[in-house]
Amino acid sequence: MALRFPPPWMIVLTGLVLNILAIVVSSLVLDNMVVEQAQYRERQQGNVYSIQLAWSTIETLERKRESMLLHMDNSTSSSSAVTPELEEAMRGQLGVWVSGEVPEITVENLSQVIMLINQAQQSQRTRIDDFYLDNLTLSELLQALEEQMTLYKNIAIFLQIFGLALILARDLARRN
């Protein structure tokens, strides 16, 4: 019983189909993955920027605390009260950065004002933690996506090489 090989045109057609399949994998699947990868990276950069803004807010709140304490110290050491205009300006500036109503800035209300500043800073630290954890998750997703991309690239290369080998097999069969 003789071994029958498929006709040469069938081998060439199979090789062409495998090459077309490799192109589809490369262009459609991998291009979609590249777009997804770019979106993840963009989100990571946005998170980094948000972290920088939150740290800036924490530092600004610290400067406001120092400024308030300095004015309070100056007013108690010089036996002159903080002028109502200065106190109102300090409350207005602080009110922009903390949530809630800022009480009158006096020695009696100092602990409340400092508590408001501490709460605002803690809120920013929590935001920083959330952005950082989101970036860690995005890094894991990017790593998994890159592994998938490598797999699909390898599959596409295999399909291309195998398809070309089938196309060349027709020519080699003809020579023999």
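Going by the structure above, here's the rest.
Residues numbered from 1 in each chain as written. Predicted model: local features only at pLDDT ≥ 70, side-chain atom pairs only at ≥ 80, totals over all residues. Heavy atoms only, no water.

Participant: An account of the packing of aromatic side chains is requested, with residue identities and associated values reported.
Facilitator: Summed over all chains, the structure comprises one aromatic pair. Each ring, one from phenylalanine 158 and one from phenylalanine 162, has its centre 5.8 Å from the other, and the planes form 10°; the classification is stacked. Taken together, the positions of phenylalanine 158 and phenylalanine 162, both in helix H3 (residues 110–175) and four residues apart, correspond to about one turn of that helix. Judged by its relative accessible area of 41%, phenylalanine 162 falls in the partly exposed class. (Phe/Tyr/Trp six-rings, centres within 6.5 Å; stacked < 30°, edge-to-face > 60°. Helix = DSSP H or I, 4+ residues; strand = E, 2+ residues; numbered from the N terminus. Buried < 20%, exposed > 50% of the residue type's maximum accessible area, 1.4 Å probe, protein only.)

Participant: Break down the environment of leucine 69 for me, citing the residues and quoting the values.
Facilitator: Within the fold, leucine 69 resides in helix H1 (residues 8–77). Assessed through its relative accessible area of 35%, leucine 69 is described here as partly exposed. In this structure, the C-alpha to C-alpha distance between leucine 69 and glutamine 45, residues 24 residues apart in sequence, is 36 Å. Other than its neighbours up to four places away in sequence, leucine 69 contacts Leu110 and Ile114. (Contact = heavy atoms within 4.5 Å.)

Participant: So what's going on with the pattern of salt bridges? Residues and values would help.
Facilitator: Scanning all chains against the criterion turns up seven salt bridges. One salt bridge connects arginine 65 with glutamate 62, and the closest N-O pair in it is separated by 3.3 Å. Of this pair, arginine 65 and glutamate 62 both sit in helix H1, three residues apart, roughly one helical turn. Classification of glutamate 62 by relative accessible area gives partly exposed; the value is 25%. Residues joined by salt bridges that share partners form a network here, namely Glu87, Glu88, Arg91 and Glu101. (Salt bridge = Lys/Arg side-chain N within 4 Å of Asp/Glu carboxyl O.)

Participant: Would you mind going over the nonpolar core in detail, with residue names and values included?
Facilitator: Counting residues in hydrophobic clusters, the biggest one holds twelve residues: Leu61, Met68, Met72, Met90, Leu94, Val98, Val102, Ile105, Val113, Leu116, Ile117 and Ala120. Looking at this core, the elements with two or more residues in it are H1, helix H2 (84–97) and H3. If you tally residues by element for this core, the top one is H3, at four residues. When neighbours within four sequence positions are excluded, valine 113 is seen to be in contact with Met68, Leu94, Pro103 and Ile105. Judged by nonpolar contacts, the second largest core, of seven residues, contains Leu30, Leu138, Leu142 and Leu145. (Core = buried A, V, L, I, M, F, W, Y, C linked by side-chain atoms within 4.5 Å.)

Participant: Give a description of a nonpolar patch on the surface that names residues and reports values.
Facilitator: Side chains of Trp9, Met10, Leu13 and Val17 sit close together on the surface and give an oily, nonpolar patch of about 410 Å² of accessible area. Relative to the elements of secondary structure, leucine 13 occurs in helix H1. (Patch = residues over 30% accessible without salt bridge, like charges linked within 9 Å, V, L, I, M, F, W, Y side chains within 5 Å. Areas by Shrake-Rupley, 256 points an atom, 1.4 Å probe, with all protein chains shown as cover.)

Participant: Describe the environment of serine 67, naming the residues involved and giving the relevant values.
Facilitator: Along the chain, the position of serine 67 falls in helix H1. For the pair serine 67 and valine 24, spaced 43 residues apart in the sequence, the C-alpha separation amounts to 64 Å.

Participant: Give me the lowdown on the environment of isoleucine 157, citing residues and values where you can.
Facilitator: Tracing the sequence through the fold places isoleucine 157 in helix H3. Overall, the relative accessible area of 45% leaves isoleucine 157 in the partly exposed class. For the pair formed by isoleucine 157 and glutamine 39, sequence separation is 118 residues and the distance between their alpha carbons is 26 Å.

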